[in-house]
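Residue-level listing of the chains:
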Amino acid sequence: MLTAKRYNMQGELIGEVDLPEGIFEVDVNAPKILLNEVVTMFLANQRQGTVQKKNRSMTAGSTRKLFRQKGTGNARVGTRRSPIRVHGGKAFAIYPKDWYRKIPRTKKRLALKVALTDRAREGRIMIVDNLSFEKPNTKLAVELLNKIIPEKGYKLIVTDGHHIPTVKSFANLPEVMTDRADSLNAYEVLKSSYIIMTDEALKKVEEVFNK
């Protein structure tokens, strides 16, 4: 069974915690293609798909032929909306597109377990007994992180719920992300070098994803 170091709110090491086997004991070698598929779909779902360029029918301007077809010595030309003219419409315009792709729940959860198992085997998951900030305090958040994880790298703070003072305490720190335990995803875990969970968040992860 894998274990993780356990700290208190002051950043002091107070022991170890056994990590649930159903979440942190998955074969990380088998589903590498699965991880790539799930992360690719997750990133695609973040795209807004609202980019649009004007084609010749959307461009302002008269549709009359600028000058006659023959006799001027110039090339044959159409309207001022033609793509070859300045301020004309785009020949192959980009239109809004829906990039959303539904990720099957089974795949999504398995990918998350694989990512968490990989981080746990490397000893990059830390447990904190509690993150109870009475009010936003970035200085205290920095001191806590420096004591637990002095190394550089992205850090993911996982809490049981959306506790606003805690989230705001870490919001202004570079390379630090926060998320709720019930909305974890494989991309966040793989992007983070270190993961800090509260005791309640660890229980919530087991409750939600160990099914």
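Keep in mind that what you see is a predicted model, and the values were worked out from it rather than measured.

Draft legend 1. Structural context of helix H5 (residues 164-171). Of the positions making up H5, those classed as buried are Pro165, Thr166, Val167, Ser169 and Phe170. Contacts from the buried residues of H5 go to helix H4 (138-148), strand S4 (155-159) and strand S5 (176-180).

Draft legend 2. Broad picture of the pairing of S4. Among the five residues of S4, five are classified as buried, and the element is accordingly described as predominantly covered. Burial along S4 is two-sided: Lys155, Ile157 and Thr159 facing one way and Leu156 and Val158 facing the other are all buried. Relative to S5, S4 is paired through five bridges, and the arrangement is parallel. Of the residues in S5, the one forming a bridge with valine 158 is aspartate 179. In this view, the connection linking S4 to its parallel neighbour S5 by way of H5 has right-handed handedness. One ladder, built from four bridges, connects S4 with strand S6 (residues 194-198); its direction is parallel. Its bridge partner lying in S6, lysine 155 is registered against tyrosine 194.

Draft legend 3. Region of the structure containing the environment of leucine 184. With respect to the helices, strands and loops of the structure, leucine 184 is situated in the loop between S5 and helix H6 (186-191). Put simply, leucine 184 and lysine 53 are 131 residues apart on the chain and 36 Å apart in space, counted from C-alpha to C-alpha. Ignoring any residue separated from it by four or fewer positions in sequence, one finds leucine 184 in contact with Leu112, Leu156, Val158, Asp179, Met197, Val205 and Phe209.

Rules of the game
For every chain, the first residue of its written sequence is number 1, and the numbers climb from 1 along that sequence. Note on the predicted model: pLDDT of at least 70 is required for a residue's local features to be given, and 80 or more for side-chain atom pairs to be given and counted; whole-chain, interface and lining totals, by contrast, use all residues. Values shown for side chains rest on all heavy atoms present in the structure; no hydrogens or waters enter the calculation. Three labels apply to residues, based on accessible area from a 1.4 Å probe with only protein chains included: buried if under 20% of the type maximum, exposed if over 50%, partly exposed otherwise in between. Runs of E in the DSSP output that reach at least two residues are strands. Runs of H or I that reach at least four are helices, and both are numbered from the N terminus. By the convention used here, residues are in contact when the closest approach between their heavy atoms is within 4.5 Å. Strand pairing is assigned whenever DSSP identifies at least 2 bridges connecting the two strands. Crossover handedness is defined by viewing with both strands directed away from the observer: a clockwise path from the first strand over the helix to the second marks the crossover as right-handed.

Note that all results are geometric; they support no functional claim without further evidence.
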